[in-house]
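# Observations on the three-dimensional arrangement
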Amino acid sequence: MPSPSTWQVHTASALGAQHVAMGKGNEDAVAVRQPDPDTVAVAVADGHGHARHFRSERGSALAVEVATELGATVGAGIPAGATAEHIERMLRERTGPDLVRAWLAAVDRDLAARPVGADELHAAGLTKPSPDELVFGYGATLILAVVSAGWLLCAQIGDGDVLAVTEDGRVLRPVPADPRLDGSRTTSLCQPDAADALRYGVVSLAGASIAAVMLATDGYGNAQARNDWDTAFGTDLAALAAAHGPAWLGRQLPRWVGQCASSDGSADDVTVALVLASAAGWRPALPANPDRTTVVDANLPAGGGTIVMNDHTVPNVPPPGRPVVIDDATVLTPGRRQIGDDTTVLQSPRRPGGDDTTVVHSAYGASPAAPLAAPPVTSPPAVVPPVTSPPPLPYAAPPARSGPLSGSTRETVLLVALAALAAVAAVVFVVLLVR
Amino acid sequence: MAQPVPNKTAWDLTTAAIMPGGGIAKRPLHFIIAADCSWSMHGEKMQALNYAIATMLPRLAEWERAQENAQVLVRALRFDNRASWHIEEPTPVGKVRWTPLRCEERALTHMGAALRLMASVLTVDQMERRALRPALILITDGIATDNFETGLAELLATPGGAAAIRVAVAIGQDARPQQLAKFSDENVGVLHASNAEDIPDLLMAVSVAVSRMSEVGADKANLTQQLRQHGYDPTDDSIV
């Protein structure tokens with residue numbers, strides 16, 4: 001079991017690519033309070049994106065502020081000899097309601113200090129907002145985790161993920177799932193029964209060998225290609241921590257978060273807090289999962305050579321079959337050749353103050369990129385079943401409108417129009433509801 | 001900044017854990033077309049339907065490229081005396097090569113079976129947890145000759161089917177709108193062929209609407225309303 005006496009906390013937040021495209025700001029927030037070496041309270045929050053939540057970035061900021069303040073107090077006050085049941089009852093009966101009240105009070109203070117302007121109301125489609133509509137404007141999710149006195153305490157409302165990772169890479173989800181969260185809706189601090197919508201979790205650190213706790217807004221999980229990404233997260237974190245140490249994990253966090261927030265991932269705002277036990281004895285049970293197919297245009301003769309990754313060249317690469325260290329964060333291992341229509345070369349986010357490091361992905365969601373040279377051997381496994389040369393179209397375009405349409409011609413035009421209309425309209429409506 | 005070296009051998013490499021979790025990808029948006037291939041669709045109707053879909057797919061791909069957060073994955077199924085997949089694997093829209101549908105002689109319209117087949121891929125087990133709401137398109141010129149209601153119930157019992165945007169397209173006068181309305185999203189209704197003279201303009205309007213939907217600040221509710229009414233005024237300045 002790790003000593004719970006010292007915890008390292010790393011946080012990172014990135015503006016989502018979709019928000020960049022829409023000219024919006026980062027509506028996520030994160031806060032940490034560490035009143036003593038043994039106690040950490042950390043929270044992440046995700047302000048809702050709908051226009052009616054016109055101050056959701058303030059709502060999320062206020063949420064993490066009041067949550068960590070309350071969490072630090074609760075963590076410091078866990079009585080000796082308390083049981084998990086006792087602590088969870090305390091969370092449910094006192095801490096949760098206190099948290100919602102504190103957030104609502106903070107919203108009231110914010111409204112008093114910064115009255116809602118006409119522009120904000122117009123953008124939100126409001127004229128004379130009711131008090132409830134004003135609170136609605138601050139809507140946000142929240143995840144709070146408190147590590148103290150050998151316990152992990154969690155409270156959550158809305159979507160997002162909180163994972164506890166053991167020293168051997170197993171993953172626990174301390175907070176039970178909420179069936180109301182179907183991917184398009186979320187519970188929220190702004191709903192009238194917010195205290196009832198909070199979910200709680202209590203874990204004994206001693207009993208579970210917890211070495212890390214990860215809190216993330218939903219942009220992180222929505223970027224992950226695998227359905228079981230949480231399991232893979234634990235495996236990978238343990239392997240990486242054992243190989244590089246916890247400080248290295250902290251240095252990589254902004255990069256991970258940035259990639260998830262990019263258009264290669266969820267394109268949503270992403271915020272992660274990673275709480276690491278400094279004295280954890282990481283002992284991964286499994287090796288880290290390789291990332292999905294990665295492609296570079298490389299010149300690797302038998303004796304080694306140069307890898308060209310978009311605009312970044314890595315010289316002096318050893319021969320194929322040996323790992324290629326790009327920097328302290330990226331190790332490329334030669335794998336199968338898989339060059340074809342599905343391969344792409346993508347560029348990782350720029351590192352502040354550093355050179356571009358081009359990490360190349362060819363995840364199945366990759367965007368188009370310049371074609372690579374054809375491989376000398378092996379054919380690519382096709383994502384799409386191979387398509388033979390398309391047969392000549394046995395159908396023809398509808399006749400151009402010129403004069404009155406005959407019955408059959410009219411029907412043909414109608415068919416063409418409606419089929420295309422239906423398909424396109426469906427996409428439109430998806431966009432309506434996704435955004 | 002170094003430039004790519006020409007004429008180099010392309011190599012595939014896998015990264016050893018760029019980040020924990022196994023890799024990232026855009027969120028999938030499943031787009032499923034269910035097409036009536038009964039005998040009544042034979043001839044000009046089916047030709048036109050094939051042409052329409054083949055024409056529509058590049059536009060969908062164009063729309064997808066403009067998105068930051070979605071990858072459109074297309075499936076298609078046909079139904080006549082039974083329902084079967086025409087494109088079974090979720091296929092990136094840019095890679096779909098539309099193979100024309102054909103009608104079976106004297107085949108019936110087992111629409112309920114089509115809905116059940118849709119349902120089979122929209123379950124919790126089959127859908128990605130992070131998938132966006134699916135889009136389901138049902139195109140028919142007739143009435144169901146099997147149990148439509150049980151098929152629909154099965155579809156709506158799946159999380160993906162219940163959450164999906166569902167659009168029914170009724171072709172001609174023989175389709176039963178009341179039946180199709182149960183399938184269609186209530187905000188959309190059943191789309192009909194009703195005014196031939198307006199169709200070209202309507203198609204143009206829809207394409208304009210789709211492109212403008214990607215713009216910041218688009219009045220989406222207004223666009224929905226106008227599409228539902230089969231009309232759209234490109235000069236409407238409210239959509240900016």
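Predicted model only: the values in this text are computed from it and were never measured.

A few words now on the overall build of chain A. Along its length, chain A carries eleven helices and 15 strands. When each of the 435 residues of chain A is scored for burial, the buried share is 51%. Here the contacts in chain A between residues at least 6 apart in sequence split such that 73% fall between residues at least 24 apart.

As a further point, take the overall build of chain B. Along chain B, the regular secondary structure elements total seven helices and seven strands. In chain B, the succession of helices and strands from N to C terminus is β-β-α-β-β-α-β-α-α-β-α-β-α-α. A buried classification covers 57% of the 240 residues belonging to chain B. When contacts within chain B are restricted to residue pairs at least 6 apart in sequence, long-range pairs at least 24 apart make up 73% of them.

All names here are of chain A. The strand order E1-E10-E9-E6-E7 describes an open sheet built from five strands, whose pairing is antiparallel. The open sheet terminates on both sides in strands that have one partner only, identified here as strand E1 (7-14) and strand E7 (171-172). With five bridges joining them, strand E9 (residues 210-216) and strand E10 (residues 270-277) adopt antiparallel strand pairing. Across the sheet, residue Leu 215 finds its bridge partner in E10, namely Ala 273. Contacting strand E6 (161-166), E7 and E9, helix H9 (residues 229-244) crosses the sheet at an angle of about 45 degrees to E6. In the packing of helix H10 (residues 246-261) onto the sheet, contacts are made with E1 and E10, and the angle to E1 comes to roughly 20 degrees.

Right, let's get into the sheet that holds strand E8 (residues 199-204) of chain A. Residue and element names in this part refer to chain A. Read across the open sheet, the five strands follow the order E2-E3-E4-E5-E8; overall the sheet is antiparallel. In this open sheet, the two edge strands, each paired with only one partner strand, are strand E2 (28-36) and E8. Between one strand axis and the next, the sheet turns through 10 degrees on average, direction left out of account. Sheet topology note: the strand E5 (residues 151-157)/E8 ladder contains six bridges and is antiparallel. Note on E8: the bridge partner recorded for Ala 155 is Tyr 200.

Turning our eyes to something else, we now look at the nonpolar core. Judged by nonpolar contacts, the single largest core of 94 residues is most densely connected at A:Ala43, A:Ala63, A:Ala145, A:Leu215 and A:Val275. When residues of this core are assigned to their parent elements, the largest contribution, nine residues, is made by helix H2 (residues 56-76) of chain A. Beyond its immediate chain neighbours, meaning those up to four positions away, A:Leu215 contacts A:Val42, A:Val44, A:Ile143, A:Ala145, A:Val162, A:Val272 and A:Ala273. Among the nonpolar cores identified, the runner-up in size contains 67 residues, and B:Leu29, B:Phe31, B:Leu73 and B:Trp98 belong to it.

All right, on to the packing of H9(A) against H10(A) then. Running from N to C, H9(A) and H10(A) point in directions that differ by 120 degrees, and their axes come no closer than 7 Å. Contacts from A:Leu240, A:Ala241 and A:His244 of H9(A) reach H10(A) at A:Pro246, A:Trp248 and A:Leu249.

Residue and element names in this part refer to chain A. Counting buried positions over the seven residues of E9 gives seven, a clear majority of the element. Of the strand pairs in this sheet, E6 and E9 are connected by six bridges, and their pairing is antiparallel. In the strand pairing of E9, Val 165 is matched with Ala 212.

Its identity as a non-glycine residue notwithstanding, A:Ala149 has a phi of 50 degrees, on the positive side. Overall, A:Ala149 belongs to the partly exposed group, with 18 C-beta atoms counted inside 10 Å.

With that out of the way, let us pick up the environment of A:Leu237. Summarising the element assignment, A:Leu237 is placed in helix H9. The spacing of A:Leu237 and A:Leu249 is twelve residues in sequence and 8.2 Å in space, taken between C-alpha atoms. Those residues within four positions of A:Leu237 in sequence are excluded, and the remaining contacts are A:Val165, A:Gly169, A:Ala212 and B:Pro20.

All names here are of chain B. Where helix H2 (residues 111-120) contacts helix H3 (residues 148-156), the axes come no closer than 7 Å and their chain directions differ by 10 degrees. Taken together, the axes of H2 and H3 are roughly parallel relative to one another. For the crossing formed where H2 meets H3, the hand is left-handed. Residues Met 111, Gly 112, Ala 113, Ala 114, Leu 115, Arg 116, Met 118 and Ala 119 of H2 form the contact with H3, whose participating residues are Phe 148, Thr 150, Gly 151, Leu 152, Glu 154 and Leu 155.

What follows deals with H10(A). All names here are of chain A. Compared with an ideal rise of 1.5 Å per residue, which puts 16 residues at 22 Å, H10 spans 23 Å between its outermost C-alpha atoms and is within 8% of the ideal. Along H10, the positions that sit buried rather than exposed are Pro 246, Gln 252, Arg 255, Trp 256, Val 257, Gly 258, Gln 259, Cys 260 and Ala 261. Of the surrounding elements, those touching the buried residues of H10 are E1, helix H1 (17-22), helix H8 (218-221), H9 and E10.

Another aspect to go through is the environment of B:Glu128. Examined against the element boundaries, B:Glu128 turns out to sit in the loop between H2 and strand E5 (135-140). Each C-alpha atom, one on B:Glu128 and one on B:Ala34, is 21 Å from the other, the two residues being 94 residues apart in sequence.

Further remarks concern the confidence of the model for chain A. Atom-level detail of predicted coordinates should not be read off regions where pLDDT is low. All names here are of chain A. Confidence in the prediction of chain A, expressed as mean pLDDT, is 74, and 65% of residues score 70 or more. Contacts of residues 308-312 to residues separated by more than four positions or lying in other chains number 24 contacts, the stretch itself having pLDDT below 50. Between residues 426-435, whose pLDDT stays under 50, and residues either more than four places distant or in other chains, the model counts 30 contacts.

So, on to the environment of B:Ala113. All names here are of chain B. Here Ala 113 is to be found in helix H2. Classification of Ala 113 as buried rests on a count of 24 C-beta atoms within 10 Å. A sequence separation of 46 residues divides Ala 113 from Pro 159, and the C-alpha atoms of the two residues are 18 Å apart. Beyond its immediate sequence surroundings of up to four residues, Ala 113 is in contact with Phe 79, Arg 82, Ala 83, Asp 146 and Gly 151.

Residue and element names in this part refer to chain B. Summary statistics for chain B give a mean pLDDT of 74 and a share of 71% for residues scoring 70 or more. Mean pLDDT across the elements of chain B ranges from a minimum in helix H6 (residues 199-213), with 38, to a maximum in H2, with 97. Long-range and interchain partners of residues 194-218, a stretch whose pLDDT sits below 50, account for 45 contacts in this model, where long-range means more than four residues apart. Low pLDDT (under 50) marks residues 230-240, which in the prediction has 17 contacts with non-local residues, meaning those over four places away or in another chain.

Each value, and the rule that gives it
- Within each chain, residue numbers correspond to sequence positions counted from 1 in written order.
- Labels follow written order: the first chain is A, the first ligand is 1, and so on.
- Reporting of local features is limited, given that this is a predicted model, to residues whose pLDDT is at least 70; pairs of side-chain atoms are given and counted only at 80 or more, and all residues count toward the totals for whole chains, interfaces and linings.
- By the criteria applied, helices consist of DSSP H or I runs no shorter than four residues and strands consist of E runs no shorter than two, each listed in order from the N terminus.
- Whether a residue is buried, exposed or partly exposed is read from the other C-beta atoms within 10 Å of its own C-beta, which are placed from the backbone; 20 or more gives buried, 12 or fewer gives exposed, and intermediate counts give partly exposed.
- By definition, residue pairs are in contact when their C-beta atoms, positioned from the backbone, come within 7 Å.
- Pairing between strands is defined by DSSP: at least two bridges between them are needed.
- To obtain each axis, a line is fitted to C-alpha atoms, and for helices this fit is confined to the stretch in contact; angles are then taken between N-to-C directions over 0 to 180 degrees.
- For this analysis, nonpolar core means a set of buried Ala, Val, Leu, Ile, Met, Phe, Trp, Tyr and Cys residues linked through C-beta atoms within 7 Å.
- Throughout, the term roughly parallel applies to angles under 35 degrees, roughly antiparallel to angles over 145, roughly perpendicular to angles from 65 to 115, and oblique to all others.
- It is the rotation of the near helix from the far one that decides the hand of a crossing: anticlockwise by less than a right angle makes it left-handed, clockwise makes it right-handed.
- Expected span of a helix, by definition, is 1.5 Å for each gap between consecutive residues, and there is one gap fewer than residues.
- Summary of the metric used: pLDDT quantifies the predictor's per-residue confidence within the range 0 to 100.

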